[in-house]
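One letter stands for each residue in the lines below.
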Amino acid sequence: MKSRLTSIVPILGLLVLFASSVGAMTKNPNPAINTLYKDPTQPMNKRIKNLMKQMTLEEKIAQMAQLDRVAATPEIMRDFSIGSLLSGGGSWVHEGQTTEEWVDMVNSFQNGSLASRLGIPMIYGIDAVHGHNNVYRATIFPHNIGLGATRDPELVKRIGAATAREIRATGISYAFAPCIAVCRDPRWGRCYESFSEDPKIVEEMTDIIEGLQGKIPPNSRKGVPYIGGQDKVVACAKHFVGDGGTKDGINENNTIADWHELLSIHMPGYYHSIKKGGFVISDWQGVDKTTYPEHADYSNSLLKAIDAGIDMVMVPYNHTEFSSILVSHVKNNLIPMSRIDDAVRRILRIKFTMGLFENPMADYSRADKLGSQVHRDLAREAVRKSLVLLKNGENADSPILPLPKETSKILVAGKHANNLGLQCGGWTITWQGLDSKNLTAGTTILNAISNAVHPSTELVYSKNPDSGFVKAGTFSYAIVVVGEPPYSETAGDNQNLTIPEPGLSIMKNVCGRVKCVVVLISGRPLVVQPYLSSIDALVAAWLPGSEGQGVADVLFGEYGFSGKLPRTWFKTVDQLPMNVGDEHYDPLFPFGFGLTTKGIKG
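- Per an unreviewed UniProt entry, the protein chain goes by Lysosomal beta glucosidase and derives from Sesamum angustifolium.

The following block contains the structure:
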């Protein structure tokens, strides 16, 4: 998790790790330790109080630390009683790591934690922002901007549940998702992680938390941890109020807003998440980033962070420095012991609620959930509902879409048509994503088109056709798939938002010489106005993920277009930031725009 802001962890349900019980935890190798806290028949508050009375200051502070797995060993977990580990973007042992290898890795660290003096289990977290995206062969769902286009909170809830099942299949129980930033400027490199520029849509889409954690029972107390079963995970509403409103769309820049704007635009999603309970965790080196140069005054940064209410710090590397500074602050009365106890109490409450003390170890029993056909079918549904049709012929009387499946010859052009890495975008297998045809398991848009058309139809693919090739090809029509490269965070900040080459050249070479449909693969609106007149049909496909068949489902009329723009589509970047409701609102396509077609199946 790379943002430097702060994350709020909501808890919704009773989570029991699907593990074999560990006999060592039922014994008391040290008679000086009162093991009442290990007794599941005791009230939770009594268990927490019993455990905390026996914890040293150093052990309490260690519970407040989260390390990246590369900075930890089972021995470190044992000797220091570290509270949590994570896999940052792309943090895995080796490429193609199997489900079973993920489970073994997590269990090895957990065994270290259980061998510590008090045997407090750790909680393992991972970025799962559009499916279990760090893991090879996992189902990759559309990024949040596409889900916002669906306007379907129930669908998003089902995606949360599927993601939770795949996370649990690898032995992990804590997801750094969802991102509930309200992106107000598409120049921001994280805009695709935002459901919408409209806070109401973002608020509605927080229903994904109920999918991840489980739905809190009626009449239950709000703000109290609750996790709904063995196939649920702890969710994390991220990153912090105002994160989507940074000036000029620059990642980690200042957000300049009055109180009303902060509360009415950026707060609603967080407010509804906070009510669901949890502890507060800083993001990747977020505490370090409170000074410039970063880490320049780490001692004072930690003092302010803990005093402000941060319970767990994503360190993520140097836990000894973190611990020694906080111990010193407490002993020097700069941080009251009550603040440390407050943080540790919340962290332990979540661990008890998850059932980690009873079932700390993972097993292989859910391995078949990773990338299952049921989940891929769900992702395919999400793709087709996320597509936004921006243009369909010159007028309603001469639509281009849906396309005929049976014709003489079709041209499919553009690298994005046959590249799962480009199709999935950032936060896929690695932090930044990869330009890779075989990045993970899935169906490219080219393969999807091939699957959809009639066997008698000739399908020609060209990554970068020139105008002569197109003119000589006698194609019935062309599908041009172009867009952005994968990116994440600061690397994605972009002040011009043009379609990268060779995408523009492909569009120019193809459109105008043959009837063409442009499918734009991007994490945000891009400049299209200068080319719109030569394009017969334009589809915003966002970053659809691993299941490209959903694109073909709609292009060829199995299902109709139904997606609506989750953000304003500008004419020029000079208009930015421009959002629905602004006084000077002159978009190319307004917020909520989306043409519709009828499909055979819906």
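**Considering helix 4 (residues 99–114)**
Along an α-helix, a turn takes 3.6 residues, which lines up residues three or four apart on a common side.
Next up, step 1: Under the 1.5 Å per step criterion, the end-to-end length of helix 4 is 22 Å for 16 residues, consistent within 8% with the ideal 22 Å.
Next up, step 2: For helix 4, the complete set of buried residues consists of T99, W102, V103, M105, V106, N107, F109, Q110, G112, S113 and L114.
Next up, step 3: Tucked into the core, helix 4 has its buried residues touching helix 3 (74–80), strand 3 (84–87), strand 4 (123–126) and helix 6 (153–169).

**Considerations on the state of the cysteines**
Next up, step 1: Evaluated as defined, the whole model comprises 2 disulfides.
Next up, step 2: Note that C511 is cross-linked by a disulfide to C516, the S-S spacing being 2.1 Å. Residues C511 and C516 are joined through a disulfide that is right-handed, its torsion about the S-S bond being 105 degrees. Summarising the burial analysis for this pair, C511 and C516 share the class buried.
Next up, step 3: For the protein chain, the disulfide bridges join cysteines in the arrangement 1-2, 3-4, where the cysteines are counted in sequence order.
Next up, step 4: C236 forms no disulfide, and the closest cysteine sulfur to it belongs to C179, at a distance of 10 Å.
Next up, step 5: Looking at the unpaired C424, the closest cysteine sulfur is the one in C179, lying at 18 Å.

**Focus on empty space enclosed by the protein**
Next up, step 1: What the rule picks out here adds up to 4 cavities of 30 Å³ or more.
Next up, step 2: What the largest cavity holds in volume is close to 70 Å³.
Next up, step 3: For the lining of the largest cavity, the secondary structure elements donating two or more residues are helix 5 (144–150), helix 6 and helix 8 (208–213).
Next up, step 4: For the lining of the largest cavity, the element with the most residues is helix 6, which contributes 3 residues.

**Focus: the sheet that holds strand 2 (residues 65–68)**
Next up, step 1: Sheet architecture is open: 5 strands sit in the order 5-4-3-2-8, paired in parallel fashion. A single partner strand is all that each edge strand has here, and the edge strands are strand 5 (174–175) and strand 8 (313–314).

**Comments concerning the UniProt feature "domain: Glycoside hydrolase family 3 N-terminal" (unreviewed entry) in the protein chain**
Next up, step 1: Following the UniProt record, the feature "domain: Glycoside hydrolase family 3 N-terminal" (unreviewed entry) maps to residues 56–276 and 278–350 here.
Next up, step 2: When the span residues 278–350 is considered, its composition is 52% helix and 7% strand, and the gap between its end C-alpha atoms is 7 Å.

**What to know about the sheet that holds strand 11 (residues 458–462)**
Next up, step 1: If you trace the 6 strands from one edge of the open sheet to the other, you get 9-14-13-12-10-11, paired in mixed fashion. The open sheet has two free edges, formed respectively by strand 9 (388–392) and strand 11, since each of these has just one partner strand. Sheet twist, expressed as the average angle between the axes of neighbouring strands with direction ignored, equals 15 degrees.
Next up, step 2: The pairing of strand 12 (residues 477–483) with strand 13 (residues 516–521) spans 6 bridges and is parallel. The residue of strand 13 that forms the bridge with A478 is C516.
Next up, step 3: Strands in contact with helix 16 (residues 445–452) are strand 10 (409–413), strand 11, strand 12 and strand 13; relative to strand 11, the strand with the most contacts, it is inclined by about 170 degrees.
Next up, step 4: Along the sheet, helix 18 (residues 503–510) contacts strand 10, strand 12 and strand 13; its crossing angle with strand 12, the most-contacted strand, is approximately 165 degrees.

**Digging into the packing of aromatic side chains**
Next up, step 1: Summed over the entire model, instances satisfying the criterion amount to 9 aromatic pairs.
Next up, step 2: On the basis of an interplanar angle of 90 degrees and a centroid distance of 5.5 Å, the ring pair of W284 and Y317 is categorised as edge-to-face. Here W284, found in the loop between strand 7 (280–282) and helix 11 (298–308), pairs with Y317, found in the loop between strand 8 and helix 12 (319–331); they are 33 residues apart in sequence, far enough to count as distant.
Next up, step 3: With relative accessibility at 40%, the residue Y317 sits in the partly exposed group.
Next up, step 4: Ring plane angle 45 degrees and centroid distance 6.0 Å describe the contact between F469 and F475, whose orientation is recorded as tilted.
Next up, step 5: Grouping aromatic residues by their ring pairs yields a cluster made of W542, W569, F589 and F593.
Next up, step 6: Directly above the ring of W427 sits K238, whose terminal nitrogen or CZ lies 5.7 Å from the centroid.
Next up, step 7: Across the ring face of Y559, the terminal group of R384 is positioned such that the distance to the ring centre comes to 3.8 Å.

**Details of the environment of R349**
Next up, step 1: For R349, the location among the structural elements is in helix 13 (residues 337–354).
Next up, step 2: Owing to a relative accessible area of 22%, R349 belongs among the partly exposed residues under this scheme.
Next up, step 3: Taking the C-alpha atoms as reference, R349 lies 7.6 Å from M44; in sequence the two are 305 residues apart.
Next up, step 4: Apart from residues lying up to four places away in sequence, R349 is in contact with M44, N45, I48 and P225.

Cut-offs applied
Residues numbered from 1 in each chain as written. Predicted model: local features only at pLDDT ≥ 70, side-chain atom pairs only at ≥ 80, totals over all residues. Heavy atoms only, no water. Helix = DSSP H or I, 4+ residues; strand = E, 2+ residues; numbered from the N terminus. Expected span 1.5 Å × (residues − 1). Buried < 20%, exposed > 50% of the residue type's maximum accessible area, 1.4 Å probe, protein only. Contact = heavy atoms within 4.5 Å. Disulfide = S-S within 2.5 Å. 1 Å grid on protein atoms, 1.4 Å probe; cavity = no way out; pocket = protein on both sides within 12 Å on 5 of 7 lines; lining within 4 Å. Points joined across faces, edges and corners; volume = space filled by probe spheres on them. Pairing = 2+ DSSP bridges. UniProt positions renumbered as here; feature names shortened; annotations may be inferred. Axes fitted to C-alpha atoms, helices over the stretch in contact; angles between N-to-C directions. Phe/Tyr/Trp six-rings, centres within 6.5 Å; stacked < 30°, edge-to-face > 60°. Lys NZ or Arg CZ within 6 Å of the ring centre and 35° of its normal.

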